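Architecture and fold: a report
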Amino acid sequence: MMVEKKIPKATARRLPLYYRYLRFLYEAGKERISSAKLSEAVKVDSATIRRDFSYFGALGKRGYGYDVEALMNFFSKTLNQDRLTNVALIGVGNLGQALLNYNFRRNNNIRISAGFDVKDELIGTIHQGVPIYSIDEMVEQLDLQQIDVAILTVPSEIAQDMADRLVEGGVKGIMNFTPIRVTVPKHIRVHNVDLTNELQTLIYFINYYQDMENADDSDDTLNDFII
């Protein structure tokens, strides 16, 4: 039985990771897995995994581990994997085109079902099976197609305007690929994905740990000299 607790955001972000690996194990014919093995595979420490799972009640058995099929089905239901979620793509530029080409093909429950742009040469066309509409039709189409989630890949200067229209169209969540932080009502969820920021953070940590290693090497050399 699921325990009624508020699930931390960090835990919620890890649930799809657990589900994907459990589905991989199930398709490979595996029947059970320990938290230690799961930890090694998904690169999340076992204590964190046990804490994440504890929010949902008793999902495993001491000395046995986790039943792969049962746990996969549990997270499938938790993540609504049995329900198709249609997603709108706002902005069909270079990044938008890449997302259309990808279109979550490894997921059976998510698909981009409508694209929106301002370019006349794109409006009325179909890209990778996805129809492209005018931005002026966005609010109407979001309502007609009952789309709750949108991906925002437009220039920064119109990002807020597009976010306002998405709110008007009734979306509940926005994945924002623009570098600005859009303002929306509190009941709307926004996940910001800044690729430049992520790369800069990665480069910083590479350089930081490289400097740490160099400093350690220097200390070792000095200690060898003193000895």
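Residues numbered from 1 in each chain as written. Predicted model: local features only at pLDDT ≥ 70, side-chain atom pairs only at ≥ 80, totals over all residues. Heavy atoms only, no water.

1. A few points about the pattern of salt bridges
Applying the stated criterion across every chain yields a total of five salt bridges. A salt bridge links E27 to R23; the nearest nitrogen and oxygen atoms lie 3.9 Å apart. Highlighted residues: E27 and R23, both in helix α1 (residues 9-27), separated by four residues, approximately one helical turn. Judged by relative accessible area, E27 falls into the exposed class, the value being 60%. (Salt bridge = Lys/Arg side-chain N within 4 Å of Asp/Glu carboxyl O. Helix = DSSP H or I, 4+ residues; strand = E, 2+ residues; numbered from the N terminus. Buried < 20%, exposed > 50% of the residue type's maximum accessible area, 1.4 Å probe, protein only.)

2. A few points about the nonpolar core
Ranked by size, the top nonpolar core spans 20 residues in total, and within it I90, F116, L152 and L166 carry the most contacts. Top contributing element to this core by residue count: helix α7 (residues 156-168), with four residues. Among the nonpolar cores identified, the runner-up in size contains 18 residues, and L15, L22, L25 and V42 belong to it. (Core = buried A, V, L, I, M, F, W, Y, C linked by side-chain atoms within 4.5 Å.)

3. Observations concerning the side chain of D117
Mapping D117 onto the fold places it in strand β4 (residues 110-117). Look at D117 and you get buried, because its relative accessible area is 5%. Looking at D117, its side chain comes within polar contact range of the main-chain nitrogen of K119, at 3.0 Å. Not counting the four nearest positions on each side in its chain, D117 is found in contact with G91, V92, G93, L122, I123, I132, Y133, S134 and I135. (Polar contact = N/O pair within 3.5 Å; in protein donor to acceptor, adjacent residues only side chain to side chain. Contact = heavy atoms within 4.5 Å.)

4. With respect to the packing of α1 against helix α2 (residues 35-42)
Two elements in contact, α1 and α2, have axes separated by 11 Å at closest approach and are oriented at 105°. The angle between the axes of α1 and α2 places the two elements in the roughly perpendicular class. When α1 is examined against α2, the residues L17, Y18 and Y21 are found in contact with a partner set consisting of L38, A41 and V42. The class makeup of the residues in the contact of α1 with α2 is six nonpolar, no polar and no charged. (Axes fitted to C-alpha atoms, helices over the stretch in contact; angles between N-to-C directions. Parallel < 35°, antiparallel > 145°, perpendicular 65-115°, else oblique. Nonpolar A, V, L, I, M, F, W, Y, C, P; charged D, E, K, R; others polar.)

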